[in-house]
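The residues making up each chain are set out below.
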Amino acid sequence: MSQEALSNLLQENRRFAPPSELAAGANVTEAAYAEASADRLAFWAKQAGRLSWAKPWDEVLDWSNPPFAKWFVGGEINIAYNCVDRHVEAGRGDKVAFYWEGEPEGDSRVITYADLQREVNKAANALTELGVVKGDRVAIYMPMIPETAVAMLACARLGATHSVVFGGFSVDALKTRIEDAQAKLVITADGGYRRGAPSALKPTVDQAVTDTVENVLVVRRTGQDVDWTDRDVWWHELVDRQSEEHVPEAHDAEHPLFILYTSGTTGKPKGILHTTGGYLTQVSYTHDAVFDHKPDTDVYWCTADVGWVTGHSYIVYGPLSNGATSVIYEGTPDTPHKGRWWEIIQKYGVTIFYTAPTAIRTFMKWGDAIPAQFSLSSIRVLGSVGEPINPEAYVWYRQNIGAGKTPIVDTWWQTETGAIMISPLPGVTHGKPGAAMRPLPGISADVVDENAQSVPDGSGGFLVLNEPWPSMLRTIWGDDERFVKTYWSRWDGLYFAGDGAKKDEDGDLWLLGRVDDVMLVSGHNISTTEVESALVSHPRVAEAAVVGATDAVTGQAIAAFVIPRGEGDVDVEELRAHVAKTLGPIAKPRQILVVPELPKTRSGKIVRRILQDIAEGREIGDATTLADTSVMEAIKKALNL
Ligand code: ATP
Ligand code: MG
């Protein structure tokens, strides 16, 4: 990354200290960093000790065959027991595990830990009746309903490996995932509610099942008509009549827990494999540390879809392992009105709220007046994940959702890392808008140059992880070679995540997006993230996506797509001038296109390769991983394509 581009983000010099009460009572203090660096493995062994193990491990880490790691070697543990039964046995069975809010108003359920235990046990018995045994793969294609978490926990309890597929995916996307995992069972629903109407799921499954699938277990959620075959079984007919007792078997620490496919932002999705002991250790620790979670008083809400890694780690496994009370919401943020999320926060008194920059920018676009109608005073920690958070979005979030005083944890991690890796700690860090700050205690990361040399403070380069971590991916399902080649081959002994980052003068980390998203304009490296943040800092821009388009003169030229904020036409020349003024003339976009929507993955990430196709006037490529394919029609219409 060039110095001139870097210095611009560094002009962001707002700093936010933690509120003193939060700092005084924080779960994790500054001392954790020193403790972890003094003896990293002892630190992680201590965190594993927060869980209940059926058999203790012999060795914390076996790294004798890198990059294939084994954590807590010889240990045995049952994840469902840790997430559910353990809390009931400790006398907390009446504590709420999930406040579930359906999309239709008034459609809600309260599920205690005792309820969850009964449901998971019945589901585990049902899966056993269907012939599912330890080691089998189960695909889960569900709406955001409590049965989704129950299904995942039932698999974990039995040692069946789940593969959750986002409920918005098409037949093709589901089919390739069922095939790749060779799933024996698919768990689905007739449909779920989205944007005020039932949206069908079962017909997609009917077309996607392959010959390894013996049964399809169907939850009745919407009551819509479904086709039926011999293979299909209703959840309420099979699960409801099962025994509420089920004795959990302890599984090896390295037993495969789940396969999850990456977003596919950069190409063909990869089936990321996570295992048992190390995964639960890190998701549990990070949920406690990063959100300063207090089980007796907090109400926690992560808005992710469970089909994304954030849903696995921070709706299901992390919070439940810590005995949290969480909110799950089925639908979209604007149904039936644009204040729905804030209404839910007010209803349940949510104290910890975790969402994505794409959502925050959408709320900015809708205007400050909407959240202002609701009481959000219960909130004490805000989180962000999925993309770099633009400084303007960070400040808006803090001001409008966090009453101008709530710490924001900008959490960097990936499907592959399994859990949060780089993040502020809310009781410790003096936050900088737009910075993920420091690796968490026990995590080791660096920014390096082409030759794997650590860059000095004030410079940018490639973000790498230089020590194994407990929740690291173990391989790409069925393809060890691709695992080694994709993540470990660029530099010896370093995991390369694909993201660019920079260290500021204090050594704090700023994520700059994927290295593939760095543009080369007239010989200067310019990061798409920086130009997007410059655009979003203009009051008329809600969201921006920037790509480098081939240009005969400059090599690459900057093409920007913007979604307007507020009423009336947007003056594109003024926006170009604004970017030039903010970042320097070299970063002035060649063209700015005003669009109503942007193509995004299910996790809200902009799929730049599609925008690049538009900017370069090509046929638009693979759009199957988009959360909503109708977006492309809206863009084409706006641009007269
Ligand atoms: P694929 O790997 O298939 O292209 P993907 O990388 O979008 O898909 P995920 O694993 O869901 O799939 O996303 C991880 C990526 O998201 C990170 O590599 C990074 O680019 C981005 N990301 C996540 N959180 C942050 C954050 N807090 N700041 C900056 N970038 C983030
Ligand atoms: Mg990725």
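Residues numbered from 1 in each chain as written. Chains lettered and ligands numbered in written order. Predicted model: local features only at pLDDT ≥ 70, side-chain atom pairs only at ≥ 80, totals over all residues. Heavy atoms only, no water.

Next up on the list: the pattern of salt bridges. Taken as a whole and judged by the stated rule, the model has 37 salt bridges. Of the charged contacts in the structure, one is a salt bridge between Glu249 and Lys134, with a shortest N-O distance of 3.3 Å. Of this pair, Glu249 sits in the loop between helix 10 (235–238) and strand 13 (251–252) while Lys134 sits in the loop between helix 6 (113–129) and strand 6 (137–141), placing them 115 residues apart in sequence. A residue is classified by how much of its surface remains accessible, and Glu249, at 42% relative accessible area, is partly exposed. (Salt bridge = Lys/Arg side-chain N within 4 Å of Asp/Glu carboxyl O. Helix = DSSP H or I, 4+ residues; strand = E, 2+ residues; numbered from the N terminus. Buried < 20%, exposed > 50% of the residue type's maximum accessible area, 1.4 Å probe, protein only.)

The amide bond that connects Pro66 to the next residue, Pro67, takes the cis arrangement and shows omega of 5 degrees. Mapped onto the secondary structure, Pro67 falls in the loop between strand 1 (59–65) and strand 2 (68–73). Along the chain, Thr335 connects to Pro336 via a cis peptide bond; the corresponding omega equals -5 degrees. Secondary-structure assignment places Pro336 in the loop between strand 17 (326–329) and helix 13 (340–348). Even without being a glycine, Ala403 presents a positive backbone phi close to 55 degrees. Inspection of the secondary structure puts Ala403 in the loop between helix 16 (391–400) and strand 20 (408–411). Taking relative accessible area as the criterion, Ala403 reaches 55% and is therefore assigned exposed. One non-glycine residue, Met437, lies in the positive phi region at around 75 degrees.

Now for the sheet that holds strand 5 (residues 108–112). Read across the sheet, seven strands follow the order 5-4-17-16-18-19-20 without closing on themselves; strand pairing throughout is mixed. Strand pairing shows two members of the sheet lacking a second neighbour, strand 5 and strand 20, which therefore form its edges. Averaged over all adjacent pairs, the angle separating strand axes in this sheet is 20 degrees, with direction ignored. Taken together, the four bridges between strand 19 (residues 381–385) and strand 20 define a ladder with parallel strand orientation. (Pairing = 2+ DSSP bridges. Axes fitted to C-alpha atoms, helices over the stretch in contact; angles between N-to-C directions.)

Quick look at the side chain of Arg221 now. Considering the arrangement of structural elements, one finds Arg221 in the loop between strand 11 (215–219) and strand 12 (232–234). Classification of Arg221 by relative accessible area gives buried; the value is 16%. Of note is the side chain of Arg221, whose polar atom sits 2.7 Å from the side chain of Glu330. (Polar contact = N/O pair within 3.5 Å; in protein donor to acceptor, adjacent residues only side chain to side chain.)

What follows deals with the packing of helix 11 (residues 277–290) against helix 12 (residues 309–321). Contact geometry for helix 11 and helix 12: axes closest at 8 Å, N-to-C directions at 85 degrees. If you check the angle between helix 11 and helix 12, you find them roughly perpendicular. Along the contact surface, helix 11 presents Tyr279, Leu280, Val283, Ser284, Thr286 and His287, while helix 12 presents His312, Ser313, Tyr314, Tyr317, Gly318, Pro319 and Ser321. Looking at the contact of helix 11 with helix 12, its residues break down into six nonpolar, seven polar and no charged. (Parallel < 35°, antiparallel > 145°, perpendicular 65-115°, else oblique. Contact = heavy atoms within 4.5 Å. Nonpolar A, V, L, I, M, F, W, Y, C, P; charged D, E, K, R; others polar.)

Another point: the UniProt feature "domain: AMP-binding enzyme C-terminal" (unreviewed entry) in the protein chain. Sequence positions flagged by UniProt for "domain: AMP-binding enzyme C-terminal" (unreviewed entry) are, in local numbering, residues 530–605. Helix makes up 25% of residues 530–605 and strand 33%, with an end-to-end C-alpha separation of 16 Å. (UniProt positions renumbered as here; feature names shortened; annotations may be inferred.)

Glancing now at the sheet that holds strand 12. With mixed pairing, the eight strands of this open sheet are ordered in space as 12-11-8-6-7-14-15-23. For this open sheet the edge positions go to strand 12 and strand 23 (475–476), each flanked by a neighbour on one side alone. Sheet topology places strand 7 (residues 161–164) next to strand 14 (residues 256–261); two bridges connect them, and they run parallel. When the bridges of strand 14 are listed, His162 appears paired with Phe258. Contacts from helix 7 (residues 146–158) reach strand 6, strand 7, strand 8 (185–189), strand 11 and strand 14, with the element oriented near 175 degrees to strand 6.

Another point: helix 18 (residues 528–536). Counting buried positions along helix 18 yields nine of nine residues, so the element is predominantly enclosed. Looking at helix 18, one finds that the buried residues are Thr528, Thr529, Glu530, Val531, Glu532, Ser533, Ala534, Leu535 and Val536.

Glancing now at the packing of aromatic side chains. Considering all chains together, one arrives at 37 aromatic pairs under this definition. With a centroid separation of 6.4 Å and an interplanar angle of 80 degrees, the aromatic rings of Trp341 and Trp342 are classed as edge-to-face. The same class applies to Trp341 and to Trp342, which are both buried. Between Trp342 and Phe353, the ring centres sit 5.9 Å apart and the planes meet at 65 degrees, which makes this aromatic pair edge-to-face. Taken together, the residues Trp342 in helix 13 and Phe353 in strand 18 (residues 352–355) connect sequence positions eleven residues apart. (Phe/Tyr/Trp six-rings, centres within 6.5 Å; stacked < 30°, edge-to-face > 60°.)

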